[in-house]
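Breakdown of the fold
This is what each chain is made of:
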Amino acid sequence: MNKNFALLVAAASIFASLACPAQQPPAAAPAALQAAPPAVTAIRAGKFIDVDKGRELDNQIILIRGSKIEAVGANVAIPEGAAIIDLSKMTVLPGLIDCHTHLADLADAEPLNVLQRSAVETAYAAIPNAAVTLLAGFTTVRDVGVYRALNDVAMRDAIARGLIIGPRMYVAGAYITISQGAGAMTGLAPDIQLPWDLHYGEANSPWEVRQKIRELAHRGADHIKILSTGAVLTHGSNPKSIEFTPEELRAAVEEAANFGMRVEAHAHAAEGIKNAIRAGVASIEHATLIDDEGIALAKQHGTYLDMDIYDEECIQSSGATPADFLQHDAELAEPQRRNFTKAVRAGVKMSFGTDAGVCPHGINARQFAFMVKYGMTPMQAIQSATVNAADLIGHPELFGSIAAGKSADIVAVNGNPLADIRELEHVHFVMKEGKVFKQDP
Ligand SMILES: [Zn+2]
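Given the structure is predicted, the values throughout are model-derived calculations rather than measurements.

What counts and what doesn't
Residues numbered from 1 in each chain as written. Predicted model: local features only at pLDDT ≥ 70, side-chain atom pairs only at ≥ 80, totals over all residues. Heavy atoms only, no water. Disulfide = S-S within 2.5 Å. Helix = DSSP H or I, 4+ residues; strand = E, 2+ residues; numbered from the N terminus. Buried < 20%, exposed > 50% of the residue type's maximum accessible area, 1.4 Å probe, protein only. Phe/Tyr/Trp six-rings, centres within 6.5 Å; stacked < 30°, edge-to-face > 60°. Pairing = 2+ DSSP bridges. Axes fitted to C-alpha atoms, helices over the stretch in contact; angles between N-to-C directions. Contact = heavy atoms within 4.5 Å. Donors = N, O, S within 2.8 Å, 3.2 Å for Na, K, Ca; no water. Parallel < 35°, antiparallel > 145°, perpendicular 65-115°, else oblique. Left-handed = near helix turned anticlockwise from the far one by under 90°. Nonpolar A, V, L, I, M, F, W, Y, C, P; charged D, E, K, R; others polar. Polar contact = N/O pair within 3.5 Å; in protein donor to acceptor, adjacent residues only side chain to side chain.

1. Quick word on the state of the cysteines
Summed over the entire model, instances satisfying the criterion amount to one disulfide. Between C314 and C359 runs a disulfide, and the two sulfur atoms are separated by 1.9 Å. With the S-S bond torsion at 100 degrees, the cross-link from C314 to C359 turns out right-handed. Here C314, found in helix α10 (residues 312–317), pairs with C359, found in the loop between β12 (350–351) and α13 (366–373); they are 45 residues apart in sequence, far enough to count as distant. For the pair C314 and C359, one class covers both residues: buried. Take C99: it sits in no disulfide, and the sulfur closest to it among the cysteines is that of C359, at 17 Å.

Listed below in structure tokens is the structure:
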């Protein structure tokens with residue numbers, strides 16, 4: 001891809017949004033300016049992936065007014081004066097969605113490195129994570145936790161205001177974790193006192209869980225991330241251990257629902273997965289050691305499995321992965337991929353989540369080829385990152401497919417990803433909310 005061009009487009013769009021802030025027109029703006037209708041753009045799509053119906057169409061026209069899609073079809077009339085974007089030699093599909101990212105953290109193999117930087121240094125260092133994710137074709141992410149609590153809320157809002165570029169973010173605010181648990185900053189001597197934001201989500205009873213969720217709702221979280229079992233990438237943790245009890249998990253789901261929020265549960269161990277499904281979480285993250293009963297329960301409850309089956313490649317190949325993490329990981333990679341195959345065959349709802357940050361940000365799409373290798377059709381893999389992801393996040397009316405009334409979140413690739421899913425690793429066109437962020441010549 002032509003990086004310089006992409007960055008130019010991105011920079012131009014930042015300046016455009018700074019010059020005309022979306023909030024309020026200045027009081028003195030001429031009446032004609034205030035009344036100006038939003039710009040109209042027509043995209044000519046050579047091939048078009050209709051994820052709602054699971055089919056591929058030829059020669060579609062997508063009409064966009066402002067930030068929204070107005071019409072889609074083969075015979076849509078293009079109004080006079082509309083800007084035309086010619087993607088007639090490309091395959092056009094909805095903006096991709098990753099349901100498991102960590103954009104607002106340092107992308108560092110050693111979590112303790114966060115102690116070497118101030119919160120504000122971490123926030124600046126994380127800006128490129130958001131930019132490369134958008135330019136890779138991911139126009140929305142569900143970001144599922146951050147060590148520096150609320151950095152993700154700030155990043156979401158900075159993107160929404162056009163201060164930095166990145167995907168539309170739905171954020172957790174912090175990790176809800178037991179003390180010294182999977183989402184805690186562990187590996188320190190007991191006499192070290194952490195600042196507030198590095199242990200914000202610690203909770204050790206149903207009532208403490210509720211208290212943290214109430215605070216996070218007040219501080220701007222969109223959803224709640226709870227850690228049901230131990231973790232691979234946490235010092236002193238055992239992925240096979242149970243951390244929160246069923247009672248605590250139920251309290252989390254109930255309290256989150258009081259604020260209109262859903263809960264996602266990190267879980268590797270089979271019992272921890274089942275505890276979380278029974279408690280009513282919306283998705284299981286990793287779902288590594290899910291057993292047959294867990295698969296049946298997920299199907300029965302309509303729980304999504306958000307399985308990061310690619311990042312193993314990065315954990316094992318990165319020279320920087322701490323030795324204890326490699327040990328936790330040793331017996332988990334292949335079982336997770338086998339269980340992914342079982343879950344797909346059983347017809348469990350599946351979403352696309354990579355745990356980006358474990359692998360470098362911006363290579364999220366590499367997981368598609370693994371999803372196909374382990375049992376999905378290319379269409380199912382694309383649906384997991386579009387319609388299914390939008391359903392899991394709770395906004396299928398806003399994004400997830402190219403349809404009238406939805407946000408104009410559109411990407412395009414050369415070739416046909418239904419024939420070669422790896423085409424998605426090279427996205428050549430990215431539009432978010434009607435604005436072009438990348439268009440390779
Ligand atoms: Zn994660």
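Having seen it, we continue.
2. Some points on the packing of aromatic side chains
Using the criterion set out here, one finds six aromatic pairs in the structure. Considering the side-chain rings of Y170 and F399, the 6.0 Å spacing of their centres and the 40 degrees angle between planes classify their relative orientation as tilted. Taken together, the residues Y170 in strand β7 (residues 168–171) and F399 in the loop between α15 (387–393) and β13 (410–413) connect sequence positions 229 residues apart. Relative to Y200, the ring of W196 has its centre 5.4 Å away and its plane inclined at 80 degrees; by these criteria the two rings are edge-to-face. Following the ring pairs from residue to residue traces out a cluster consisting of F138, F352 and F368.

3. Considerations on the sheet that holds strand β6 (residues 138–143)
Ordered in space as β5-β6-β7, the three strands form an open sheet in which the pairing is parallel. At either margin of the open sheet sits one strand with a lone partner, and together these are β5 (96–101) and β7. Across the sheet, the axes of successive neighbouring strands diverge by a mean angle of 15 degrees, strand direction being ignored. Note that β5 and β6 share four bridges and pair parallel. Of the residues in β6, the one forming a bridge with T101 is D143. Helix-sheet contacts for helix α5 (residues 151–160) involve β6 and β7, and the interaxial angle to β7 is about 155 degrees.

4. Here's the deal with the coordination of the zinc ion
Ideal geometry at a metal centre gives angles of 109.5 degrees when four donors are arranged tetrahedrally and 90 or 180 degrees when six donors are arranged octahedrally. In the first shell of the zinc ion, the protein supplies H100 (NE2), H102 (NE2) and D355 (OD), at 2.1 to 2.3 Å from the metal. The sequence pattern describing where the donors of the zinc ion fall on their chain is H-x1-H-x252-D. Linking H100 in strand β5 with D355 in the loop between β12 and α13, this pair joins segments that are 255 residues apart in sequence. The pair H100 / D355 is uniform in exposure class, with both members buried.

5. Brief notes about the packing of helix α8 (residues 270–279) against helix α9 (residues 292–301)
Think of two packed helices as two axes; the pair is described by the angle between the axes and how far apart they sit. Between α8 and α9, the shortest axis-to-axis distance is 10 Å and the interhelical angle comes to 15 degrees. Taken together, α8 and α9 sit at an angle that is classed as roughly parallel. Every pair of crossing elements has a handedness; the one defined by α8 and α9 is left-handed. Residue-level inspection shows K274, I277 and R278 of α8 in contact with α9, the latter providing E293, G294, L297, A298 and H301. Residue classes in the contact of α8 with α9 are distributed as three nonpolar, two polar and three charged.

6. What to know about the side chain of T177
In this fold, T177 is placed in the loop between β7 and α6 (206–218). According to the relative accessible area criterion, T177 is buried, its value standing at 1%. A polar atom in the side chain of T177 sits 3.5 Å from the backbone nitrogen of A182. A polar contact is formed between the side chain of T177 and the backbone nitrogen of G183, at a distance of 3.0 Å. Setting aside residues no more than four positions away along its own chain, T177 makes contact with A182, G183, A184, G201, E202, A203, L227, E243 and F244.

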